[in-house]
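# Fold and geometry: a report
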Amino acid sequence: MNNNLSSFVVACNDQCTGCRACEVACFTVHNQKDNKVAHTVGTVEIPVTPRLYLTRLDESCLPVQCKQCEDAPCLNSCSAKAIARVDGVVYVNEDLCIGCKNCMMACPFGAMEMLPIAKKGQAVKQIGSDEIRKSAYKCDLCIGLEGGPACVSTCPHDVLKLVNLEEDGKEKKIKAAVALTLTGNL
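The rules behind each value
- Along each chain, residue indices are assigned from 1 in the same order as the chain's sequence is written.
- With the structure being a predicted model, the display of local features is reserved for residues of pLDDT at least 70 and the display and counting of side-chain atom pairs for 80 or more, all residues being used for whole-chain, interface and lining totals.
- Note that the side-chain values use all heavy atoms of the structure and ignore hydrogens as well as water.
- Salt bridge, as used here, is a side-chain nitrogen of Lys or Arg placed within 4 Å of a carboxyl oxygen of Asp or Glu.
- Helix and strand labels come from DSSP, where a helix needs a run of H or I of at least four residues and a strand needs a run of E of at least two; each type is numbered from the N terminus.
- For every residue, the accessible area obtained with a 1.4 Å probe (protein chains only) is divided by the maximum for its type, and the residue is called buried under 20%, exposed over 50%, and partly exposed between those limits.
- Only protein atoms enter the 1 Å grid used here, on which a cavity is any set of points holding a 1.4 Å probe that cannot leave and a pocket is any open set flanked by protein within 12 Å on both sides along at least five of seven lines; residues with an atom within 4 Å of a point are listed as lining.
- Grid points are joined across faces, edges and corners, and a volume is the space filled by probe spheres set on the points.
- By the convention adopted, Pro, Cys, Tyr, Trp, Phe, Met, Ile, Leu, Val and Ala count as nonpolar, Lys, Arg, Asp and Glu as charged, and the other residues, Gly among them, as polar.
- For patches, a residue must show more than 30% relative accessible area and have no salt bridge; joins then use 9 Å for like charges and 5 Å for nonpolar side chains, namely Val, Leu, Ile, Met, Phe, Trp and Tyr.
- Areas reported here follow the Shrake-Rupley algorithm with a probe of radius 1.4 Å; residue values treat only the protein chains shown as occluding.
- Each nonpolar core is a collection of buried residues, namely Ala, Val, Leu, Ile, Met, Phe, Trp, Tyr and Cys, held together in the definition by side-chain atoms within 4.5 Å.
- The contact criterion used throughout is that any non-hydrogen atoms of two residues lie within 4.5 Å.

Per an unreviewed UniProt entry, the protein is named 4Fe-4S dicluster domain-containing protein, and its organism is Acetobacterium fimetarium.

This is the structure in structure tokens:
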């Protein structure tokens, strides 16, 4: 039995400027292989489909993305079995997604989006139709990317942080123990 808690990305909203570097980095990383998206302006010929979404409020902005829920409502609601947990990460297989939107309704954070699929630089059409095929998309922590999520490493203001609650919890317990020892409150 695996007792490890899933990691996820958190944002410090009082520092986010809304530059959207996180969205561009996310889109680029997920489209380099199949769609040959490069790192320069003017090279993108497909819809920009990041897996996190900058949300602007009156006086702040904040990227909203998947929390990698332990008992993931999106995964549990997917009748096509297109959502699975791979190496601790809740992941959407766009080839299996049928676009039923159950996951969008189930996600309590609004982190799921239904976006167009592109392969080889072209929008994928639905079978027997001219309609563009869509799939559920969500943050997958850039699974397999060396160095972790692209949004975290790209943010120019260090607003985003990959959190591992087990490691974070250990650090907090050590700090609390040291503080109690120093104050003599044991």
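In total, this model carries four salt bridges according to the counting rule given. Arginine 51 is paired through a salt bridge with aspartate 140; the nearest N and O atoms lie 3.2 Å apart. On the criterion of sequence distance, the pair formed by arginine 51 in the loop between helix H1 (21-35) and strand E2 (53-56) and aspartate 140 in the loop between strand E9 (134-137) and helix H4 (150-154) is long-range, its members being 89 residues apart. As far as burial versus exposure is concerned, arginine 51 and aspartate 140 are alike and both buried.

To continue, consider unusual backbone geometry. Although it is not a glycine, aspartate 87 sits at a positive phi angle of roughly 50°. Looking at where aspartate 87 falls in the secondary structure, it is placed in the loop between strand E4 (83-86) and strand E5 (89-92). A positive phi angle, close to 70°, is found at lysine 101, a residue other than glycine. Along the chain, the position of lysine 101 falls in the loop between E5 and helix H3 (102-106).

Quick look at the layout of surface pockets now. The probe, sized like a water molecule, is rolled over the atoms to show the empty space still left. Empty space within the largest pocket amounts to approximately 480 Å³. Secondary-structure elements contributing two or more residues to the lining of the largest pocket are H1, E5 and strand E7 (118-119). Looking at which element gives the most residues to the lining of the largest pocket, the answer is H1, with seven residues. Looking at the lining of the largest pocket residue by residue, the class counts come to eleven nonpolar, seven polar and seven charged.

Another point: a nonpolar patch on the surface. There is a patch of nonpolar side chains on the surface, built from Val86, Tyr91 and Ile143 and spanning about 200 Å² of accessible area. Looking at where tyrosine 91 falls in the secondary structure, it is placed in strand E5. Judged by relative accessible area, tyrosine 91 falls into the partly exposed class, the value being 30%.

What follows is about the nonpolar core. Grouped together as the largest cluster of nonpolar side chains are 29 residues, with contacts concentrated most on Cys74, Ile83, Cys103, Met112, Ala136, Cys151 and Leu160. Among the elements that make up this core, the one with the highest residue count is E5 (three residues). Once residues within four sequence positions are removed from consideration, methionine 112 is found in contact with Cys74, Ile83, Val92, Cys103, Met104, Cys107, Ala136, Tyr137 and Lys138.

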